[in-house]
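# Commentary on secondary and tertiary structure
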Amino acid sequence: MQKIAIFPGSFDPITRGHVFIVKRAIPLFDKIIVAIGQNATKQNMFSIEQREKWIEQVFEKDATVEVQTYQGLTVDFCRQVGAKFILRGLRTSADFEFERGIGQVNKMLHPDIDTVFLLTEPSFTPISSSIVRDVYRHGGDISKLVPPEINIPSP
Ligand code: ADP
């Protein structure tokens, strides 16, 4: 049976930290689906089509990585695509506490699905999509924070 993992998030936009986690996980799984969660109550900066396109470009050469969008519970999406693993990245102990809660509730909902955590590269610890959005909004240089495929014109 294929080992499929999903890497869920908003990716608004995808950052170097996200890319690091997916690249490190490639040898662990037969397929990784970068899954953009659509949350009607969340105000995003970049459109879902734009976010999807950037992720496709970043992983263009990685044959086992694909992008999908989903609505609803992450564990339900896992079931739909036959994924037994949820991949998440950890930066700090605060991330761990947050992720622990989500992971444990997901386990209650679907005991057959496991969350796999990978530690980020130390230099990527301060990077988050929200910091990228803030820097971008105020006209700063985001090139050290996002992958080179993301060529966003100034706001
Ligand atoms: P969410 O909307 O769930 O916060 P994100 O797009 O911010 O989604 O993050 C998705 C995943 O990527 C989460 O597991 C998060 O911890 C991880 N992540 C975010 N930034 C980094 C980073 N700099 N290094 C490693 N993992 C990260």
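Structure report, in brief. (Residues numbered from 1 in each chain as written. Predicted model: local features only at pLDDT ≥ 70, side-chain atom pairs only at ≥ 80, totals over all residues. Heavy atoms only, no water.)

## Quick look at the overall build of the protein
If you tally the helices and strands in the protein, you get five helices and five strands. Each helix and strand of the protein, ordered N terminal to C terminal, gives the series β-α-β-α-β-α-β-α-β-α. Seen through its C-alpha atoms, the protein measures out along the principal axes to roughly 45 × 35 × 30 Å. Counting the 155 residues in the protein, one finds 41% classified as buried. Considering only contacts in the protein between residues 6 or more positions apart, those separated by 24 or more positions represent 78%. About 8800 Å² of surface is accessible on the protein, with carbon and sulfur atoms providing 53% of the total. When the 18 basic and 18 acidic side-chain charges of the protein are each reduced to a single mean position, those positions are 2 Å apart. (Helix = DSSP H or I, 4+ residues; strand = E, 2+ residues; numbered from the N terminus. Buried < 20%, exposed > 50% of the residue type's maximum accessible area, 1.4 Å probe, protein only. Contact = heavy atoms within 4.5 Å. Areas by Shrake-Rupley, 256 points an atom, 1.4 Å probe, with all protein chains shown as cover. Lys, Arg positive; Asp, Glu negative; His and termini not counted. Charge placed at Lys NZ, Arg CZ, Asp CG, Glu CD.)

## Focus: the side chain of Thr15
Residue placement: Thr15 occurs in the loop between strand E1 (4–9) and helix H1 (16–25). There is a polar contact of 3.2 Å between the side chain of Thr15 and the backbone nitrogen of Gly17. Leaving out residues up to four positions away in the same chain, Thr15 has contacts with Ile127, Ser128, Ser129, Val132, Leu145, Val146 and Pro147. (Polar contact = N/O pair within 3.5 Å; in protein donor to acceptor, adjacent residues only side chain to side chain.)

## Remarks on the pairing of E1
Counting buried positions along E1 gives five out of six residues, so the element sits mostly inside the fold. In this sheet, strand E2 (residues 31–38) lies alongside E1 in parallel orientation, the contact comprising six bridges. Opposite Phe7, over in E2, you have Val34 as the bridge partner. On the question of chirality, the crossover connecting E1 to the parallel E2 by way of H1 is right-handed. Bridge count between E1 and strand E4 (residues 85–90): two bridges; the pairing is parallel. By the bridge assignment, Ala5 is partnered in E4 with Phe85. (Pairing = 2+ DSSP bridges. Right-handed = clockwise from strand over helix to strand, strands pointing away.)

## Some points on the sheet that holds E4
Read across the open sheet, the five strands follow the order E3-E2-E1-E4-E5; overall the sheet is parallel. Each edge of the sheet is formed by a strand with only one pairing partner; in this case those strands are strand E3 (65–71) and strand E5 (114–119). Across the sheet, the mean angle separating the axes of adjacent strands is 35° when strand polarity is ignored. Of the strands in this sheet, E2 and E3 are in contact with helix H2 (residues 48–58), which crosses E2 at around 165°. (Axes fitted to C-alpha atoms, helices over the stretch in contact; angles between N-to-C directions.)

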